[in-house]
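Letter by letter, the chains look like this.
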Amino acid sequence: MVPTNYYIILSGILFGIGVFAFVFKRNIITIFMSIELMLNAVNLAFVAFSQAWGKLDGQVFVLFVIVVAAAEAAVGLGIIILIARNRQTLNVERVDLMKL
Amino acid sequence: MTASLVVFFALAGLAVIGAVSLILQKHPIHSALSLIVVMVALAGLYLLLGAEFVAAVQIIVYGGAIMVLFVFVIMLLNAGVEEHTNISKLAGPPGLLLVVALAGFITATIVRTTSGVQGSSQTGAMASTSGISNMLFRDFVYPFELTSFLILVAVMGATVLAQREKH
Amino acid sequence: MSAILSANAELIITIVKIVLLLFIVLTVNAYLTWFERKLVAHIQSRWGPHRVGPHGLLQPLADGLKFLFKEDPTPAGVDKFVYFLAPLLALALALTSIAIIPFGPDPLRLFGRDIYLGIAPPDLNIGILALFAITALGVYGVALAGWSSNNKYSLLGGLRSSAQMISYELALTMSVVGVLLMAGSFNLTKIIEAQARHPEWGIFGWNIWPQILGFICFFIAAIAETNRVPFDLPEAESELVAGFHTEYASFKFAMFFIAEYTSMITISCLCSIMFFGGWLSPFPASWTWTHYLPSLILLPFGLWVIWDGIRYETVFGRVILPVVGTGITALGAAFVLYPGVNEFIQGPFWLLSKIFVFLFIYVWMRGTLPRFRYDQLMAFGWKLLLPISIVNVMVTSFVILAKMQWGGK
């Protein structure tokens with residue numbers, strides 16, 4: 001039986017790596033992917049606690065998180081396509097002014 | 001060293017390697033592939049925790065739909081190799097320290113307050129689809145209907161955003 | 001030594017099953033290519049392969065040797081890691097999906113253990129959902145192959161093909177929900193048992209009658225998923241050179257090829273299990289004389305092969321065909337003489353026959369139907385197939401609810 005703490009530590013590590021990728025990378029699609037990594041880390045914590053307490057609420061919440069992440073990915077990638085079309089670049093440091 | 005511990009460490013190692021590879025790769029498509037590896041490893045961990053339905057949904061929705069969307073956008077926008085400017089190279093080491101501090105703090109807090117909890121293997125029988133669907137349609141029916149509305153709004157929004165301008 | 005063996009017996013049995021099933025699936029793939037070439041040729045009034053070995057039966061062997069020895073160039077400018085990963089991914093996923101299918105109801109009793117026919121344990125709660133997960137990941141093989149080839153036609157073919165696969169995946173999963181509602185479980189064994197609720201109905205108890213709409217949606221969506229005619233625009237030769245596998249040469253192309261035929265086999269298995277009763281016999285359970293049907297089919301077939309082999313034109317055929325025929329006749333005779341074996345073989349025999357019928361229909365469609373244009377294909381998937389499968393789910397749930405409310409009293 002794997003102790004629940006191990007899952008929480010793994011979730012913390014993945015979340016930390018996600019935050020680091022978010023601040024360090026410069027390509028906007030990679031930044032978006034690090035958001036998905038953070039959401040996945042949180043999902044892991046939810047499922048680990050759901051098994052620890054013996055209730056199913058955690059897993060139902062994971063389903064909601066997955067659905068919301070899907071909706072967010074769809075709209076976010078639409079916005080990214082628009083940015084790429086208007087500024088012709090995917091580097092966030094070049095889209096830091098509202099003036100084109 | 002029981003079998004579950006061995007499997008846990010293998011899957012956890014795979015997930016961490018995938019996540020680190022997300023940072024280290026230069027081309028976004030390789031980062032996307034690393035993220036897919038992380039998601040499949042997490043699905044394996046959900047199976048180890050007895051959450052079969054969530055594991056299957058993770059692979060179908062996250063790995064088979066959301067990441068495919070990412071891969072499509074990377075291919076269509078022809079995202080090239082990423083360059084690192086001076087600012088980002090400067091932000092690397094302090095950022096790493098701060099992130100380690102943040103993640104360590106969150107993890108330590110949670111671990112300290114829940115250190116007595118040992119996992120039980122009871123959710124295996126209940127975590128079947130009927131258990132989850134009972135909860136979804138009884139206790140959580142209001143958020144469930146709201147998420148269907150949310151998906152509708154997201155689909156309309158994405159369609160409108162990605163249209164070509166008509167002159 | 002025997003202590004180690006008995007402690008890890010489950011693991012060793014599973015490994016042996018995996019190796020055996022891999023070997024069988026790859027051989028069936030090879031002879032499926034022979035079958036396809038022969039059948040399409042006969043539909044087009046020509047012979048097909050008939051020189052390499054008797055009746056062209058050694059043609060797959062020649063093709064395999066060709067694939068092994070042909071030069072395997074890597075084009076310039078490809079993304080090496082992804083270029084090598086894509087066919088591996090496609091093949092691995094296609095072969096993994098065979099592991100979930102149960103091939104028979106009764107276990108073999110060997111070495112004091114029950115060995116079930118099929119790699120996944122019979123109480124896998126998420127049987128068909130795992131299959132859909134593997135299908136969902138199969139989109140990557142195609143998309144990454146198209147992108148990494150550094151070739152306009154491959155990229156276009158890969159994008160079109162993966163967009164097609166994603167669109168029809170929705171219709172595929174929705175059309176199965178009716179069957180799942182009637183069976184009450186994702187487990188493939190329980191789906192077949194739900195069709196055996198009235199053993200006296202035989203063929204009329206199968207899921208095809210209440211779920212005819214679901215079956216049509218599932219079959220059409222499955223053909224689009226596997227990129228076969230009439231949905232094979234992304235890999236058609238006259239349209240996009242060869243689509244996403246243009247730049248792939250001998251062995252990597254063979255991997256895509258095997259992946260496509262293996263997914264054909266998996267879809268045929270799924271159709272038979274979910275809509276046509278799997279290993280159930282079409283005759284009512286009280287007609288026990290039908291238990292002799294396998295022997296009744298194998299014995300005359302074996303004798304015909306012997307007779308045809310004796311009169312064959314080449315010496316090689318005159319030697320090999322009678323041997324094969326004798327083997328088939330002996331198998332048929334063994335089923336008559338050993339009733340225990342006969343009972344065991346009933347389930348797998350019916351399942352394999354149904355799989356064969358579906359493979360025949362697949363190849364038949366390839367020989368006769370023209371292909372869809374891409375915009376017709378996408379319109380068909382989103383505007384016709386998906387609404388029909390949703391309507392099927394709604395009607396099925398209303399009927400089940402009505403039965404529960406008024407039929408249970």
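Residues numbered from 1 in each chain as written. Chains lettered and ligands numbered in written order. Predicted model: local features only at pLDDT ≥ 70, side-chain atom pairs only at ≥ 80, totals over all residues.

**Focus on the domain arrangement of chain B**
Each assigned domain of chain B is listed with its residue range as follows: domain 1 (1–82) and domain 2 (128–167). Taking only C-alpha atoms into account, the centre of domain 1 of chain B sits 23 Å from that of domain 2 of chain B. (Domains from an automatic or database assignment.)

**A closer look at the interface of chain A and chain B**
The partner chain B presents 77 residues to the 60 residues of chain A that form the contact. Where the side of chain A that touches chain B is concerned, the elements lending two or more residues are helix 1 (4–24), helix 2 (28–53) and helix 3 (57–87) of chain A. Per-element accounting of the side of chain A that touches chain B gives the leading share, 21 residues, to helix 3 of chain A. Partitioning the side of chain A that touches chain B into residue classes produces 44 nonpolar, 13 polar and 3 charged. (Contact = placed C-beta atoms within 7 Å. Helix = DSSP H or I, 4+ residues; strand = E, 2+ residues; numbered from the N terminus. Nonpolar A, V, L, I, M, F, W, Y, C, P; charged D, E, K, R; others polar.)

**So, the interface of chain C and chain B**
Chain C puts 16 residues into the contact, and the matching count from chain B is 13 residues. Of all the secondary structure elements, the ones that give two or more residues to the side of chain C that touches chain B are helix 5 (127–148) and helix 6 (152–183) of chain C. Take the side of chain C that touches chain B: its biggest share by element is 9 residues, from helix 5 of chain C. Taken together, the residues of the side of chain C that touches chain B sort by class into 14 nonpolar, 2 polar and no charged.

**So, the domain arrangement of chain C**
Residues and elements named next belong to chain C. When cut into domains, chain C gives domain 1 (63–280 + 338–407) and domain 2 (287–336). Measuring from the centre of the C-alpha atoms in domain 1 to the corresponding centre in domain 2 gives 32 Å. With 6 residues of domain 1 at the contact, the number on the domain 2 side is 4 residues. Of the residues assigned to the side of domain 1 that touches domain 2, the class counts are 4 nonpolar, 2 polar and no charged.

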